[in-house]
Amino acid sequence: PNTGTQADSGSSQSEPECISQTREQRQQSTYLDEKIAVPQPGQEVFSLRKLWAYTGPGFLMSIAYLDPGNIESDLQTGTLARFDLLWLLLLAHILGLLMQRLAARLGVVSGCNLAEAASEFYPAVPRFLLWLMVEVAIVGSDMQEVIGTAIALNLLSNGAIPLWAGVLITIVDTFTFLLLDKYGLRRLEAFFGFLILTMAVTFGYEYVVVQPDQRQVLRGLVVPGCRGCGGRQLLQAVGTIGAVIMPHNIYLHSALVQSRDVNRQDRRAVREANKYFFVESSIALFVSFLINLFVVSVFAQGYSEQAMSAIYNSCVANDNPHADIFSGNSSKLDMDIYRGGVFLGCQFGLACMYIWAVGILAAGQSSTMTGTYAGQFVMEGFLRLRWKRWQRVLLTRSLAIAPTVLLAALTDINRLTGLNDLLNVLMSQQLPFALIPILTFTASGRYMSEFRNHPVISLLAALLSAAVVAINVFFMAVFVQQLPQVWYVLAPLGLACLLYFCFIIYLVVLACAEIFPVCCGRLGDRCRGRGGQQLLGSGGDSEIVEPLLGDSELAGGTAT
């Protein structure tokens, strides 16, 4: 038995490789080669100059909360539930801030991004599956951005640029924007800030023109519930979580914070970096929330139970070139980002349609670029592959464009825009494969030492992960009901669902083994294929590693 005590329950295993690397090795293996200098810790409680030095990664991260998939989810929320789900939108952003805070802390404290930590922690097969799941999320998100950009170009050109041509144009413009990072990281961050400002101005303009009822907006924010909501509203409500929180964004943020030159051997410097990164992320996500709020409120006020015939008459009166999409039926129409832009142009003037299209174009372009960075960090962390940016863009964009251009060329706008709903569900399915690993490492003493999660934070993160899994069960149940009830369809789907939940359980077991090694360590070793080897070794002196950044002595002990 181990006769000693251990001060840090998470530090009984060997130190992770990405932590033990020298600063020079870390800088050589970082995709963002440039390091931004930050002021040294001082006596002041808060400094705007220091906040400015840390500003950048949070705003790049926040772009994932503003991609075309999110915008479409927002307008559908407004048309289906009006203002009643604004509180859920706020809650989703707060939960997103919680997870982004954990991602930033992992990158600052340990020096590992999430992909690197997962690559060293998990065995080969689970590691490959995690990488595959994240890549699926990145490609799915990229498809949404391609669709959004193609629709924006179609609206701006009054239909002169067909959807399939708009899809192909996204190849060229993405490579053009990626050249910007050759002019320095701060200029690249400034360009992303300009795109966010563009979205705030364009969607804010729509908000001012439509003039939503401010009392209804306030009530929707502070009063939980959904008056008179049915099955469609409930499905939209649970889909909001999956649309807002992007799995690959957690991997991205843990890497972006490493662009600041923080001395990880100085406890005060690390604590200060954590503080300013959290403040910056809070500001960035607040801006993202406001933009999403604008979109929900615009369609909650402007598209309240209107029939297509009434909208068509408004389109004709305003000489809208896209009026035909509202002709032929008097029933209420499902809304998407294409019809949403046309609707605004019909009801509030053509300027609203073009300004809407500019906002969608900014959302698509900014999200495309951050997706490229996320893909490179994930590939570099999991597979140890360091590709050039244009190679990574070519791979991701090719996988996204191939099915999208086929749909754009062979089907109509209804099929293409409806694909966004399916992709939002896909994002939700991948969320556990980011939430569980980030909780595992940020609650671990081996990775975080004295900066590991407070138990309350770990509990909240665990509850969020459980809620996401429950949402996925609901989505799967709804999806299965819509399929043909035949065995050759249900049997493969049932097997896939079984494997999906088994993998989640496996990740949870390893998380418990890392966070609670005393009670779960042996089970975790067996899951990793170590044949029951104990965490403290098979004999001799116990291997105890001094926590990173810690200067207090651990209570020693020997295994007999």
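Thresholds applied
- Sequence order sets the numbering: in each chain, residues are counted from 1 along the sequence as written.
- Local features in this predicted model are restricted to residues of pLDDT 70 or higher, and side-chain atom pairs are both shown and tallied only at a pLDDT of 80 or more, whereas totals for entire chains, interfaces and linings draw on every residue.
- Side-chain measures were taken over the full set of non-hydrogen atoms in the model, leaving aside hydrogen atoms and water.
- Only DSSP runs of H or I covering at least 4 residues are called helices, and only runs of E covering at least 2 are called strands; the numbering of each starts at the N terminus.
- Summary of the burial criterion: residues with accessible area below 20% of their type's maximum are buried, those above 50% are exposed, and those between are partly exposed, where the area comes from a 1.4 Å probe applied to protein chains only.
- Accessible surface area values rest on a Shrake-Rupley calculation with a 1.4 Å probe, where residue burial reflects the displayed protein chains alone.
- To get an axis, fit a line to the C-alpha atoms, keeping to the stretch in contact for a helix; angles then go from 0 to 180 degrees between the N-to-C directions.
- Roughly parallel covers angles under 35 degrees, roughly antiparallel covers those over 145, roughly perpendicular covers 65 to 115, and oblique covers all other angles.
- We call a crossing left-handed when the near helix sits turned anticlockwise from the far one by less than a right angle, and right-handed when that turn is clockwise.
- Throughout, a contact is declared for two residues whenever any of their heavy atoms are within 4.5 Å.
- Gly is placed with the polar residues, together with every amino acid not listed as nonpolar (Ala, Val, Leu, Ile, Met, Phe, Trp, Tyr, Cys and Pro) or charged (Asp, Glu, Lys and Arg).
- Note on aromatic pairs: the rings of Phe, Tyr and Trp (six-membered ring only in Trp) are paired at centre separations within 6.5 Å, and the planes decide the class, stacked below 30 degrees, edge-to-face beyond 60, tilted for the rest.
- To sit over a ring, a charge needs its Lys NZ or Arg CZ within 6 Å of the ring centre and within 35 degrees of the ring normal.
- A patch consists of residues whose relative accessible area exceeds 30% and which take part in no salt bridge; residues with like charges are grouped when within 9 Å of each other, and nonpolar side chains (Val, Leu, Ile, Met, Phe, Trp, Tyr) when within 5 Å.
- Here a salt bridge means any side-chain nitrogen of Lys or Arg lying within 4 Å of a carboxyl oxygen belonging to Asp or Glu.
- For the purposes of these results, a polar contact is taken to be a pair of N or O atoms within 3.5 Å, where, inside protein, one atom must be able to donate a hydrogen and its partner to accept one; residues adjacent in sequence count only when each atom of the pair is a side-chain atom.
- For this analysis, a nonpolar core means a set of buried residues of the types Ala, Val, Leu, Ile, Met, Phe, Trp, Tyr and Cys, connected via side-chain atoms within 4.5 Å.
- Every residue gets a pLDDT, meaning the predictor's confidence in that residue, from 0 to 100.

## Section: the overall build of the protein
Okay, so step 1: When its secondary structure is counted, the protein shows 24 helices and two strands.
Okay, so step 2: Across the 560 residues in the protein, those meeting the buried criterion constitute 56%.
Okay, so step 3: If you sum the accessible surface of the protein, you get close to 22,800 Å²; carbon and sulfur atoms cover 63% of it.

## A closer look at the environment of Ser 282
Okay, so step 1: Structurally, the position occupied by Ser 282 is in helix α14 (residues 267-302).
Okay, so step 2: Along the sequence, Ser 282 and Arg 101 sit 181 residues apart, while their C-alpha atoms lie 9.1 Å from each other.

## Describing the packing of helix α7 (residues 114-121) against helix α17 (residues 350-383)
Okay, so step 1: Across the interface, α7 lies against α17 with an axial gap of 7 Å and an inter-helix angle of 20 degrees. It follows that α7 is roughly parallel to α17 by the angle criterion. In the packing of α7 onto α17, the handedness of the crossing is right-handed. Contacts between α7 and α17 involve Ala 115, Glu 116, Ala 118 and Ser 119 from the first element and Phe 377, Val 378, Gly 381 and Phe 382 from the second.
Okay, so step 2: Counted by class, the contact of α7 with α17 contains five nonpolar, two polar and one charged residues.

## Points about the packing of helix α16 (residues 337-348) against α17
Okay, so step 1: Where α16 contacts α17, the two axes come as close as 6 Å, and the packing angle between them is 150 degrees. As the angle between them shows, α16 and α17 are arranged roughly antiparallel. Classified by chirality, the crossing of α17 by α16 is right-handed. Contacts between α16 and α17 involve Ile 337, Gly 340, Gly 341, Val 342, Leu 344, Gly 345 and Phe 348 from the former and Leu 350, Cys 352, Met 353, Trp 356 and Ile 360 from the latter.
Okay, so step 2: Grouping the constituent residues of the contact of α16 with α17 by class yields nine nonpolar, three polar and no charged.

## Quick look at the packing of aromatic side chains
Okay, so step 1: Summed over the entire model, instances satisfying the criterion amount to 17 aromatic pairs.
Okay, so step 2: Pairing Phe 121 with Tyr 122 gives two aromatic rings, centres 4.9 Å apart and planes at 85 degrees, and the pair type is edge-to-face. As far as the burial class goes, Phe 121 and Tyr 122 line up, both buried.
Okay, so step 3: Through a chain of ring-to-ring contacts, the aromatic side chains of Phe 433, Tyr 500, Phe 501, Phe 503 and Tyr 506 assemble into a single cluster.
Okay, so step 4: Sitting over the ring of Phe 278, Arg 101 keeps its end group 5.9 Å from the ring centre.
Okay, so step 5: Above the plane of the ring of Trp 52 lies Arg 186, whose end atom (NZ or CZ) is 5.2 Å from the centre.

## Digging into helix α13 (residues 247-256)
Okay, so step 1: With 10 of 10 residues buried, α13 lies mostly within the body of the structure.
Okay, so step 2: Within α13, the full set of buried residues consists of Pro 247, His 248, Asn 249, Ile 250, Tyr 251, Leu 252, His 253, Ser 254, Ala 255 and Leu 256.

## Remarks on a nonpolar patch on the surface
Okay, so step 1: Among the surface-exposed residues, Val 125, Phe 128, Leu 129, Leu 132 and Val 136 lie close enough to one another that they form a single nonpolar patch of about 400 Å² accessible area.
Okay, so step 2: Residue placement: Phe 128 occurs in helix α8 (residues 124-156).

## Notes on the side chain of His 248
Okay, so step 1: Inspection of the secondary structure puts His 248 in helix α13.
Okay, so step 2: Filtering out sequence-adjacent residues up to four positions away, His 248 remains in contact with Val 134, Ala 137, Ile 138, Ser 141 and Ala 374.

## What to know about the side chain of Asn 292
Okay, so step 1: As for its placement among the helices and strands, Asn 292 is situated in helix α14.
Okay, so step 2: With relative accessibility at 0%, the residue Asn 292 sits in the buried group.
Okay, so step 3: A polar side-chain atom of Asn 292 sits 2.8 Å from the main-chain carbonyl oxygen of Ser 288.
Okay, so step 4: What Asn 292 contacts, discounting residues up to four positions off in sequence, is Tyr 65, Leu 66, Asn 70, Ile 71, Asp 74, Leu 89 and His 93.

## Regarding the nonpolar core
Okay, so step 1: One finds Met 99, Leu 130, Phe 203, Tyr 251, Phe 299, Trp 356 and Phe 441 to be the most contacted residues of the largest nonpolar core, which totals 139 residues.
Okay, so step 2: The biggest single contributor to this core is α14, with 15 residues.
Okay, so step 3: Those residues in contact with Tyr 251 that sit more than four places away from it in its chain are Leu 114, Ala 115, Leu 130, Val 134, Val 378, Phe 382, Phe 433, Ala 434 and Pro 437.

## Looking at the environment of Gln 376
Okay, so step 1: With respect to the element layout, Gln 376 can be found in helix α17.
Okay, so step 2: Looking at Gln 376, the relative accessible area reads 0%, which means it is buried.
Okay, so step 3: Between the alpha carbons of Gln 376 and Arg 386 there is a distance of 7.4 Å; along the sequence they are 10 residues apart.

## Considering unusual backbone geometry
Okay, so step 1: The phi torsion at Arg 82 lies on the positive side, around 55 degrees, for a residue other than glycine.
Okay, so step 2: Mapped onto the fold, Arg 82 is located in the loop between α5 (68-81) and α6 (86-110).
Okay, so step 3: For Asn 158, which is not a glycine, the phi torsion comes out positive at approximately 55 degrees.
Okay, so step 4: Mapped onto the secondary structure, Asn 158 falls in the loop between α8 and α9 (163-178).

## Details of the confidence of the model for the protein
Okay, so step 1: Averaged over all residues, the pLDDT of the protein equals 79, while 79% of them reach at least 70.
Okay, so step 2: Below pLDDT 50 for its whole length, residues 1-12 participates in 37 contacts with residues either more than four positions away or in separate chains.
Okay, so step 3: For residues 27-31, every residue scores under 50 in pLDDT, and the model assigns this stretch 17 contacts once sequence neighbours within four places are set aside.

## Here's the deal with the pattern of salt bridges
Okay, so step 1: Inspection of the entire model under this criterion finds 10 salt bridges.
Okay, so step 2: With a shortest N-O distance of 3.7 Å, Asp 213 and Arg 215 are connected by a salt bridge.
Okay, so step 3: A relative accessible area of 26% places Asp 213 in the partly exposed class.
Okay, so step 4: The exposure class of Arg 215 is exposed, given its relative accessible area of 67%.

## Here's the deal with the environment of Val 295
Okay, so step 1: Considering the arrangement of structural elements, one finds Val 295 in helix α14.
Okay, so step 2: Once the C-alpha coordinates of Val 295 and Phe 203 are considered, the two residues, 92 residues apart in sequence, prove to be 6.6 Å apart.
Okay, so step 3: Every residue in contact with Val 295, bar those within four places of it in the chain, is listed here: Ile 71, Asp 74, Leu 75, Phe 203 and Trp 356.

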